[in-house]
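Spelled out from the first residue to the last, the chains are:
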Amino acid sequence: MPAPIAPGFQQAELEWDENDQPQSRLYGDVYFSRGSGMAETTHVFLQPSQLAERFAALGANERLVIGETGFGTGLNFLCAWALFERSAPTLASLHFISVEKHPLSHADLQRALALWPELQPQAHQLLDQYVAINPGFQQFRFGRVALTLLVGDALDQLMSLDARIDAWFLDGFAPAKNPEMWQPELFNQLARLSAPGATLATFTSAGDVRRALKDAGFTVKRIPGFGHKWESLKGQFIGTAGEQTKPWFARPSHQPKQRRALVIGAGLAGCASAASLAARGWNVTLLERHEAIAREGSGNPQGVLYLKLSAHGTALSQLVTSGFGYTRRLLRNLQQGQDWDACGVLQIAFDAKEASRQAALAEAFPASLLRAVERDEAEQLAGVALDNGGLFYPDAGWAHPPALCRWLIERPGIELLGHRHPLELRSAGGNWQALAENEILAEAPVVILAGAADVSQFSQSAWLPLKRIRGQITGLPATKQSAALRTVLCAKGYVAPSRDGLHTLGASFNFAESDPAASAAEHRANLDMLKEISGDLYQRLNADKDHLDDLLGRVAFRCTSPDYLPIIGPLADPVRFASDYAVLAKDARQIPQTPCTWLDGLYVNTAHGSRGLITAPLSGELLAAWLDDAPLPVPRAIAEACHPNRFLLRKLIRRTE
């Protein structure tokens, strides 16, 4: 059996005292001072870090990044957030990154945060988004404030982080209770991630901690502790941070003078890119060749939050797990029942090979994400008869992608221009111009290509290995009998509970065909797929149709890459890449120091395939992090696995044409 994705993962187990304050059963320690948790946070972390002054000194579009070990109840985050709102200028931002090995359940978090009425405006927003908390990176956005919650072992998670931290909060349970965390290896990661002069604050003054911090490059000073604790520590990083980054995956150094961008393509990837940039204060022009958004692959009436995972912890699985949580948090802004529904997804174990794969997944992932169900329970969950059990994803469901696209771009800073179909890009005077038949449609210092396979029509991105896949869905009118279906059913295709009186079935997967019209043959294939999923539901829907041409259908063309990972990030000059790194063709272990020659200001976000509802919203955050030199919302290895330069690199190393 493969190793678990999150070995030892479990939620926090709490005990509550007579004052309704929590303590960890696992560590036998409190989460905050029994005297006053807020006062302790202020004394130990906020004041020694001089956060009020540093927030007030931030300029327009500047950010401060806080890193924390031990998210716990989120008290430190909420206090820092509230102080930021009181102190920082309007255009500044805060990014809070915190690690938590044992996250609280939603119910426990709500109970704990009820202790602080002063923090309820922030607490309500956190609780509203506190869903689908699974191992790995979990991204949250609250206007000018971003939270990246790293769920798992502190050392493992920090080793995968790409960020520059301005202030560290070393929290978590005491070294005597949690010695595994307070180790020199962890402090070395703090040094690696620290910005020059980064501050540090912690409640402990243990000698081992002081010595290890000094060895890692921090000055430390004892200061009066809080409550019954005699001392705590504050410090500053004076060492040399950083590590050798492969130049083809380094962050582009070019920063545009004006925060203006063009996004070409108004599907999910384009709308997410625009939204993430606008949240950071950019002005975005969104160009769409149709009259409105989401008219191609993002235009289906129902998309499924379908987590096709691997038990081996692949890059795609990690991306999907993080993307799933981010999408679920966004969907809560839409009208449940009309635009989305968390009805759950049931993956049916339709043959022995699939059953074996599912057994491995059930071992590798926590039960909060997925769990194995026998046939009887599967039928109870689904509401219809089934031939097999499978895996149930309780937080998953379906969504109406156009509604999500609309919500993403309905914010200040985004202008949508329909009937704009650029065919050429030209660099001129520090701007990229989008042209059609020599007419300039729009221009800006930054362009994001998000038009699925149409990205390859531009000369600068024609080398990207994009594949177009035809997919056809079938719509069947709901019946009184089909209303029994309570969850999405997936096997070789999917069927969803009805939306607006229609069940969506699909989708076909055809590399060879390019006809945009729905075909009777693929309608029949979708109906056969429905019969394989549930003969009972097939009968309830009267799906034994004679006149297939009368069925409602829709064809869209997905775009994917050879490794089925999306392509997200800055574009390089492929000719210069080949010459600058030619040595890799002889020795792939070399790391030349030649900086990568970027096509300054040109980025791509495409190839989300059939998982776009899960990966595209988070891709906007990743794209914006590359552009804005911000902490990456996914592990560095995942960002590199999605980077456009991976294909130029493979071409060199494999000596392919």
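Preceding this section is the structure that the text describes.
Note that the structure is predicted; figures quoted are calculated from it, not measured.

Definitions and limits used
- Residues numbered from 1 in each chain as written.
- Predicted model: local features only at pLDDT ≥ 70, side-chain atom pairs only at ≥ 80, totals over all residues.
- Heavy atoms only, no water.
- Helix = DSSP H or I, 4+ residues; strand = E, 2+ residues; numbered from the N terminus.
- Rg over C-alpha atoms; globule rule 2.2 N^0.38 Å.
- Buried < 20%, exposed > 50% of the residue type's maximum accessible area, 1.4 Å probe, protein only.
- Contact = heavy atoms within 4.5 Å.
- Lys, Arg positive; Asp, Glu negative; His and termini not counted.
- Charge placed at Lys NZ, Arg CZ, Asp CG, Glu CD.
- Polar contact = N/O pair within 3.5 Å; in protein donor to acceptor, adjacent residues only side chain to side chain.
- Pairing = 2+ DSSP bridges.
- Phe/Tyr/Trp six-rings, centres within 6.5 Å; stacked < 30°, edge-to-face > 60°.
- Salt bridge = Lys/Arg side-chain N within 4 Å of Asp/Glu carboxyl O.
- 1 Å grid on protein atoms, 1.4 Å probe; cavity = no way out; pocket = protein on both sides within 12 Å on 5 of 7 lines; lining within 4 Å.
- Points joined across faces, edges and corners; volume = space filled by probe spheres on them.
- Nonpolar A, V, L, I, M, F, W, Y, C, P; charged D, E, K, R; others polar.
- Patch = residues over 30% accessible without salt bridge, like charges linked within 9 Å, V, L, I, M, F, W, Y side chains within 5 Å.
- Areas by Shrake-Rupley, 256 points an atom, 1.4 Å probe, with all protein chains shown as cover.

Peer 1: Describe the overall build of the protein, naming the residues involved and giving the relevant values.
Peer 2: The helix and strand tally for the protein stands at 19 helices and 31 strands. Whereas a compact globule of 657 residues would reach a radius of gyration of roughly 26 Å, the protein reaches 26 Å, a difference of no more than 12%. Viewed in the frame of its principal axes, the protein has a C-alpha envelope of about 80 × 65 × 50 Å. Going through the 657 residues of the protein one by one, you find that 58% of them count as buried. For the protein, the proportion of contacts with a sequence separation of at least 24, taken over those separated by at least 6, is 75%. Computed over 62 positive and 68 negative side-chain charges, the separation of the two mean positions in the protein equals 4 Å.

Peer 1: So what's going on with the side chain of threonine 202? Residues and values would help.
Peer 2: In this fold, threonine 202 is placed in strand 9 (residues 194-202). Polar side-chain contacts of threonine 202 include one of 2.8 Å to the backbone oxygen of leucine 170. A polar contact of 3.5 Å, which involves the side chain of threonine 202, links it to the backbone nitrogen of threonine 204. With near-sequence residues (within four places) excluded, threonine 202 lies in contact with Val44, Phe45, Leu170, Trp182, Ser232 and Leu233.

Peer 1: How would you sum up the pairing of strand 30 (residues 567-572)? Please name residues and give values.
Peer 2: Judged by how many residues are buried, strand 30 sits mostly within the fold: six of six residues are covered. Here strand 30 pairs with strand 31 (residues 598-606) via five bridges, running antiparallel. Bridge pairing in strand 31 links isoleucine 568 to asparagine 605.

Peer 1: Please provide a residue-by-residue account of the packing of aromatic side chains, values included.
Peer 2: Going through the model one piece at a time under the given rule, you end up with 14 aromatic pairs. Between phenylalanine 45 and phenylalanine 169 the ring centres are 5.0 Å apart and the planes differ by 35 degrees, which places this aromatic pair in the tilted class. With phenylalanine 45 in helix 1 (residues 37-46) and phenylalanine 169 in strand 8 (residues 165-170), this residue pair connects regions lying 124 residues apart in the sequence. The same class applies to phenylalanine 45 and to phenylalanine 169, which are both buried. Between the aromatic rings of phenylalanine 77 and phenylalanine 142, the centroid separation amounts to 6.1 Å while the plane-to-plane angle is 45 degrees, which identifies the pairing as tilted.

Peer 1: With reference to specific residues and values, describe the side chain of threonine 69.
Peer 2: Within the element layout of this structure, threonine 69 appears in strand 4 (residues 63-69). Setting aside its immediate chain neighbours within four residues, threonine 69 contacts Val99, Leu158, Phe169, Leu170, Asp171, Gly172, Met181 and Leu186.

Peer 1: Any details on the pattern of salt bridges? Residues and values, ideally.
Peer 2: Applying the stated criterion across every chain, the model contains 29 salt bridges. Between arginine 470 and glutamate 522 there is a salt bridge, and its shortest N-O distance comes to 2.7 Å. Of this pair, arginine 470 sits in strand 25 (residues 467-477) while glutamate 522 is found in helix 14 (residues 520-533), placing the two residues 52 residues apart along the sequence. This pair shows no difference in class: arginine 470 is buried, exactly as glutamate 522 is. With its nearest N and O atoms 3.0 Å apart, the salt bridge here joins arginine 650 to aspartate 563. Here aspartate 563 lies in the loop between strand 29 (552-560) and strand 30 and arginine 650 lies in helix 19 (residues 645-654), a separation of 87 residues in the sequence. Judged by relative accessible area, which is 27%, arginine 650 ranks as partly exposed. One salt-bridge network, in which partners are shared between bridges, spans Asp162, Arg251, Asp629, Arg636 and Glu640.

Peer 1: Quick rundown of the pairing of strand 16 (residues 345-348)? Include the residues and the values.
Peer 2: Every second residue of strand 16 is oriented toward a common face, with Val345 and Gln347 on one face and Leu346 and Ile348 on the other, all of them buried. Of the pairings in the sheet, the one linking strand 16 to strand 18 (residues 390-393) comprises four bridges and is antiparallel in character. Bridge pairing in strand 18 places isoleucine 348 opposite glycine 390. Strand direction decides the pairing type here: strand 16 and strand 26 (residues 488-490), joined by three bridges, are parallel. Looking at strand 26, one finds that valine 345 is bridged to valine 488.

Peer 1: Help me get a handle on empty space enclosed by the protein, residues and values and all.
Peer 2: Applying the stated criterion across every chain, the model contains one cavity of 30 Å³ or more. Here the largest cavity defines a volume of roughly 40 Å³. Around the largest cavity sit Pro252, His254, Pro570, Leu571, Trp598, Leu599, Asp600, Gly601, Leu602 and Tyr603, which together line it. When contributions to the lining of the largest cavity are tallied by element, the ones reaching two or more residues are strand 30 and strand 31. Top contributing element to the lining of the largest cavity by residue count: strand 31, with six residues. In terms of residue class, the lining of the largest cavity is built from seven nonpolar, two polar and one charged.

Peer 1: Lay out the layout of surface pockets with the relevant residues and their values.
Peer 2: One number sums up the size of the second largest pocket: a volume of about 750 Å³. Lining the second largest pocket are 42 residues, with Asp171, Gly172, Phe173, Ala174 and Phe203 positioned closest to its centre. Listed by contribution, the elements that provide at least two residues to the lining of the second largest pocket are strand 3 (29-30), helix 1, helix 3 (75-87), strand 5 (93-100), helix 6 (154-159) and helix 7 (184-193). No other element matches helix 1, which puts four residues into the lining of the second largest pocket.

Peer 1: Go over a nonpolar patch on the surface with me, naming the residues and quoting the values.
Peer 2: A cluster of nonpolar residues, Phe509, Phe511 and Tyr564, forms a patch on the protein surface that exposes about 310 Å² of accessible area. Of note, phenylalanine 509 is situated in the loop between strand 28 (502-506) and helix 14. Its relative accessible area of 47% is what places phenylalanine 509 among the partly exposed residues.

Peer 1: Which residues make up the sheet that holds strand 15 (residues 340-341), and what values go with them?
Peer 2: One open sheet accounts for three strands, arranged 14-19-15; its pairing is antiparallel. Here the strands that pair on one side only, and so sit at the sheet edges, are strand 14 (303-304) and strand 15. As judged from the two bridges shared by strand 15 and strand 19 (residues 398-399), these two strands associate in the antiparallel manner. Within strand 19, the position partnered with aspartate 341 by the bridge is tryptophan 398.

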